[in-house]
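Letter by letter, the chains look like this.
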Amino acid sequence: MENFNRLRCAIYGAGSLGTILGAYVSASGKQIDLINHNRAHVSALKEYGARVTGTVQMTQRVSALLPEEMEGLYDIIFLMTKQQKNPEVVTFLKDFLAPDGVIVTLQNGLPEEGIAEIIGADRVLGCTVAWGATLREPGVSELTSSPDSLSFSLGAITLPPHKYLPAVKSCLETMGEVTVEKNFIGTRWSKLLINSAFSGMSTVLGCTFGEAARHMESRKVVLGLIKECIDVCRAAGITIEPVQGKDAVKLLDYHGPVKKALSLFILPIAIRKHSRLKASMLQDIENGKKTEVDAINGAIAAFGDKIGFPTPLNRKVTFLIHRIERGELTPGFDNLKFF
């Protein structure tokens, strides 16, 4: 295994999640640069360090940079920007990646294939994040998931995996448990299942994950989105993997009224460790930014089209969030009337 301390690493797109991950990695004594285009955020990180609030309280000195301040080559780049700008961002990062370096995408959706087209599949690792955060102000990120739920699922899209996979795992383990997945595409879909249902409805309704699960009418839509994702994967022969010991298919798949009623009962319990989480898409709406809904609910709808399987709920959520982006709707529970 490579000595991690000899490797040069960066988090590109160190926003809400990246600030917290960077704080943990830096606290362990490992080298990592936190890179973000937000000047106020980078300035605060430089002056005060990364400040973590919420379910964990910590302040940690970090190395923070603007993209124009980047120099030299990195062995490992953790990519945490929004996926919609990947062609531009990855092309930019290619010039800062060592010849044998690797990009580790911690983004939502199914980003690996597009990144591989730019730098090669053998230089890409994928990682799903099973926790959430909200950027409260420059340099301050609130961890909104329970401290005992800070886990990662890591995988490769080629065999053998990149030689730095053990070093990447070591880096992520400074924050939480890391599982190296053999069926990484199944892990991607398990995260996409949660994001499409809870992030999608958190954005449409303007609420936290817990609030979306608490109210029965919204809970029914959340469960419907989950069911749609399970069904499209089954139609495509994709096995959805458990996350944090929870098998969404066993818990929430249903084929009759009794199991559906049980799944509805289980749903708020299953999400309780992340009940305070507010979708990053909703945070984007609140900050006047475009969301990555096309890479989440839209990706499921596009995949359904590809294999000839209908996904009307994910298509509806995508449509509603685009209307919210255009200012035609406001996030709120009144939007349940569209379902």
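Preceding this section is the structure that the text describes.
Computed from a prediction, not measured in an experiment: that's the story for all the values here.

What counts, and where the lines are drawn
Residues numbered from 1 in each chain as written. Predicted model: local features only at pLDDT ≥ 70, side-chain atom pairs only at ≥ 80, totals over all residues. Heavy atoms only, no water. Pairing = 2+ DSSP bridges. Helix = DSSP H or I, 4+ residues; strand = E, 2+ residues; numbered from the N terminus. Axes fitted to C-alpha atoms, helices over the stretch in contact; angles between N-to-C directions. Contact = heavy atoms within 4.5 Å. Buried < 20%, exposed > 50% of the residue type's maximum accessible area, 1.4 Å probe, protein only. Expected span 1.5 Å × (residues − 1). Salt bridge = Lys/Arg side-chain N within 4 Å of Asp/Glu carboxyl O. Disulfide = S-S within 2.5 Å. Core = buried A, V, L, I, M, F, W, Y, C linked by side-chain atoms within 4.5 Å. Right-handed = clockwise from strand over helix to strand, strands pointing away. Phe/Tyr/Trp six-rings, centres within 6.5 Å; stacked < 30°, edge-to-face > 60°. Lys NZ or Arg CZ within 6 Å of the ring centre and 35° of its normal.

Asks: Sorry, what's going on with the sheet that holds strand β12 (residues 177-180) here?
Replies: Strand pairing in a sheet takes place through backbone hydrogen bonds and is either antiparallel or parallel in direction. The 8 strands are arranged β5-β2-β1-β6-β7-β8-β11-β12 in an open sheet whose pairing can be described as mixed. This sheet does not close on itself; its edge strands, each paired only once, are β5 (63-65) and β12. Along the sheet, successive strands turn relative to each other by an average axial angle of 25°, direction set aside. Along the sheet, helix α3 (residues 86-94) makes contact with β1 (9-12), β6 (74-79) and β7 (97-105), crossing β6 at roughly 165°. Strand contacts of helix α5 (residues 165-172): β6, β7, β8 (124-129), β11 (151-156) and β12, with the helix running at about 55° to β6, the strand carrying the most contacts.

Asks: Just to check I follow, could you spell out the pairing of β8 for this structure?
Replies: For a regular strand, side-chain orientation follows a simple rule: the groups alternate between the two sheet faces. For β8, a buried count of 6 out of 6 residues is recorded, marking the element as mostly surrounded by other parts of the structure. On β8, burial covers both faces: Val-124, Gly-126 and Thr-128 on one face and Leu-125, Cys-127 and Val-129 on the other are all buried. Pairing of β7 with β8, which is carried by 3 bridges, proceeds in the parallel orientation. Across the sheet, the residue bridging to Ile-103 is Val-124, located in β8. Where β8 lies against β11, 5 bridges are found, and the strand directions are antiparallel. The partner of Cys-127 across the bridge, within β11, is Leu-154.

Asks: Even after reading the chapter, I still don't get helix α1 (residues 16-27), so can you show me in this structure?
Replies: Helical periodicity: at 3.6 residues per turn, an α-helix aligns residues three or four positions apart in one direction. For α1, which comprises 12 residues, the first-to-last C-alpha distance of 17 Å matches the rise-based estimate of 16 Å (1.5 Å per residue) to within 8%. Every buried residue of α1 is accounted for by Ser-16, Gly-18, Thr-19, Ile-20, Leu-21, Gly-22, Ala-23, Tyr-24, Val-25 and Ser-26. The first or second residue beyond α1 is Gly-29, which carries a positive phi of 95°.

Asks: How should the pattern of salt bridges be read in this particular structure?
Replies: Charged atoms that come close allow side chains of opposite charge to pair. With the rule as written, the count across this model stands at 20 salt bridges. Across the pair Arg-39 and Glu-68 runs a salt bridge, and its minimum N-O distance is 2.5 Å. Highlighted residues: Arg-39 in helix α2 (residues 39-48) and Glu-68 in the loop between β5 and β6, separated in sequence by 29 residues. Across this residue pair, the class does not change: Arg-39 and Glu-68 are exposed. Each of Lys-227, Asp-231, Arg-234 and Asp-253 takes part in salt bridges that share partners, so that together they form one network.

Asks: Would you mind going over the sheet that holds strand β3 (residues 50-54) with me for this structure?
Replies: Ordered in space as β4-β3-β10-β9, the 4 strands form an open sheet in which the pairing is mixed. Only two strands of the sheet have a single neighbouring strand rather than two, namely β4 (58-60) and β9 (133-137). Averaged over all pairs of adjacent strands, the angle between strand axes in this sheet comes to 25°, irrespective of strand direction. Summarising the sheet, β9 and strand β10 (residues 140-143) pair through 4 bridges and their orientation is antiparallel.

Asks: Would you explain the state of the cysteines in this entry?
Replies: Note on terminology: disulfide describes a covalent bond linking the sulfur atoms of two cysteines. Inspection of the entire model under this criterion finds 0 disulfides. You can see Cys-9 has no disulfide; the closest cysteine sulfur is in Cys-171, sitting 5.8 Å from it. Take Cys-9: its relative accessible area is 0%, and that puts it in the buried class. Take Cys-233: it sits in no disulfide, and the sulfur closest to it among the cysteines is that of Cys-229, at 4.7 Å.

Asks: How should I be thinking about the nonpolar core in this particular structure?
Replies: When a protein is soluble and globular, its nonpolar side chains tend to lie buried together. One finds Trp-189, Phe-198, Met-201, Val-222 and Ile-226 to be the most contacted residues of the largest nonpolar core, which totals 45 residues. For this core, the elements supplying multiple residues, two or more each, are α6 (184-205), α7 (209-214), α8 (216-236), α9 (248-252), α10 (257-270), α11 (280-286), α12 (297-307) and α13 (312-325). Looking at this core, the element that brings in the most residues is α8, giving 9 residues. Sequence-distant contacts of Ile-226, defined by excluding residues within four places in its chain, comprise Leu-193, Ala-197, Phe-198, Leu-252 and Leu-267. Listed in part, the 43 residues of the second largest apolar core include Ala-23, Leu-125, Leu-150 and Met-175.

Asks: Any chance you could explain the pairing of β7 here in plain terms?
Replies: Across the 9 residues of β7, 7 count as buried, placing the element largely inside the fold. As paired strands, β6 and β7 are joined by 5 bridges and run parallel to one another. Counterpart to Ile-76 in the pairing with β7 is Val-102. As a crossover connection, the stretch from β6 through α3 into β7 is right-handed.

Asks: Whenever I open this one, the packing of aromatic side chains confuses me. Can you help?
Replies: For any two aromatic rings, the description comes down to two numbers: the centre-to-centre distance and the angle of the planes. All told, the structure shown has 5 aromatic pairs when counted by the stated rule. When the centroid spacing of 6.0 Å and the interplanar angle of 45° are considered together, the rings of Tyr-12 and Phe-92 count as tilted. Within this pair, whereas Tyr-12 is found in strand β1, its partner Phe-92 is found in helix α3, the two being separated by 80 residues in sequence. Given the relative accessible area of 31%, Phe-92 is considered partly exposed. Ring geometry for Phe-92 versus Phe-96: centroids 5.2 Å apart, planes at 50°, classification tilted. What makes Phe-96 buried here is its relative accessible area of 16%. Taken together, Tyr-12, Phe-92 and Phe-96 form an aromatic cluster joined through their ring pairs. Lying over the aromatic face of Tyr-74, Arg-8 brings its terminal NZ or CZ to 4.1 Å of the ring centre.

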